[in-house]
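Per-entry structural report
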Amino acid sequence: MIKNLILYFIASAAMLCLSGCSSNIQGTHINEPGTTADTSVSDQAPVWSLDTLVKNIELNGKTYSMPFTLDDLGSDYSVGNAILFENNTYGYALNYKNDIFTAIVKFDGFDYTKSRIISFTTSDDTEVKVGDICFGDDRFDILRRYGTPSIEEQKSENEFAYFYGSMAEDKEKANGLYLYFEDNKLTGISIRYDP
């Protein structure tokens, strides 16, 4: 799953959201594909900000604020193999207790022991929450809570990707949250935050 997620996020990089996972917002209706049921979506833009969301990143049961350092995470975390991207930038695997935890971690400097982690990508086989966003959340529930994404991409009949965030001239510097859904369930999260 992590290998597929890495490939998906790399391919989608050029494309350019606290605990509890429900909301009860009423508004206009959209039809969920393949069903006759309607799913409510708010007429009003939900109130949230990336700056607030990144102050509540939960990794393996502990809460952190992005950007954070490897030292902030503690001794259970270590940097794994380097990953070279097409644009000659590097990312790294992040290990938790010597097992791969996230697929891609980017630092804001070359000394990853002291540099800030400004970006990471992970899949639903990890214990990660971003604000109130949990793996397994329903795609339509995310739309109700966070509104229309900045970018929506449909990869196949049952695969969707949403980008919530700021667009930047240099897409590598676009701060935001990228969510990947399979069968309308959240299965991948990528976040970049470099204030």
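Our subject is the structure that appears above.
What comes next is a walk through the structure. (Residues numbered from 1 in each chain as written. Predicted model: local features only at pLDDT ≥ 70, side-chain atom pairs only at ≥ 80, totals over all residues. Heavy atoms only, no water.)

**Observations concerning the overall build of the chain**
Here is the rule we go by: Secondary structure elements are defined from DSSP: runs of H or I of at least 4 residues count as helices, runs of E of at least 2 residues count as strands, and each element is numbered from the N terminus. Each residue is placed in one exposure class: buried if its accessible area under a 1.4 Å probe, protein chains only, is under 20% of its type's maximum, exposed if it is over 50%, and partly exposed if it falls in between. Note on areas: Shrake-Rupley with a 1.4 Å probe; residue coverage comes only from the protein chains shown.
A count of helices and strands for the chain gives four helices and 15 strands. Each of the 195 residues in the chain was classed as buried or not, and the buried ones make up 47%. Split by element, the accessible area of the chain, about 10,100 Å² in all, is 46% carbon and sulfur.

**Things to note about the packing of aromatic side chains**
Worth spelling out the cut-off: Put simply, two rings from Phe, Tyr or Trp (the six-membered ring, in Trp's case) pair if the centres are within 6.5 Å, and we call them stacked under 30 degrees between planes, edge-to-face over 60, tilted for the rest. Counting as a charge over the ring demands two things of the Lys NZ or Arg CZ atom: a distance within 6 Å of the ring centre and an angle within 35 degrees of the ring normal.
On inspection of all chains with the given rule, the structure shows seven aromatic pairs. Seen in terms of ring centroids, Tyr77 and Tyr96 are 4.8 Å apart; in terms of plane orientation they differ by 45°. Their pairing is tilted. Taken together, the residues Tyr77 in strand S6 (residues 77-84) and Tyr96 in strand S7 (residues 90-96) connect sequence positions 19 residues apart. On the basis of relative accessibility, which here comes to 6%, the residue Tyr77 falls in the buried class. The interplanar angle of 85° and the centroid separation of 6.4 Å between the aromatic rings of Tyr162 and Tyr164 together place this pair among those described as edge-to-face. A relative accessible area of 2% means that Tyr164 is categorised as buried. A cation over an aromatic ring shows up here: Arg139 above the ring of Phe140, its NZ or CZ 4.4 Å from the ring centre.

**Comments concerning the pattern of salt bridges**
Stated precisely, the cut-off is as follows: The term salt bridge refers to a pairing of a side-chain nitrogen on Lys or Arg with a carboxyl oxygen on Asp or Glu at a separation within 4 Å.
Enumeration according to the criterion identifies nine salt bridges in this entry. A salt bridge links Arg145 to Asp132, with the shortest nitrogen-to-oxygen separation between them at 3.7 Å. One end of the pair, Arg145, is in helix H4 (residues 139-146); the other, Asp132, is in the loop between strand S10 (128-130) and strand S11 (133-134), with 13 residues separating them in the sequence. Asp132 gets classed as buried once you look at its relative accessible area, which sits at 12%. Each of Asp132, Asp137, Asp141, Arg144 and Arg145 takes part in salt bridges that share partners, so that together they form one network.

**Some thoughts on the sheet that holds strand S4 (residues 62-64)**
We apply this condition: Here, a strand pair is defined by DSSP locating no fewer than two bridges between the strands.
With antiparallel pairing, four strands are arranged side by side in an open sheet as S4-S3-S10-S11. Among the strands making up the open sheet, the edge pair consists of S4 and S11. Strand direction decides the pairing type here: strand S3 (residues 57-59) and S4, joined by three bridges, are antiparallel. Across the sheet, the residue bridging to Ile57 is Tyr64, located in S4.

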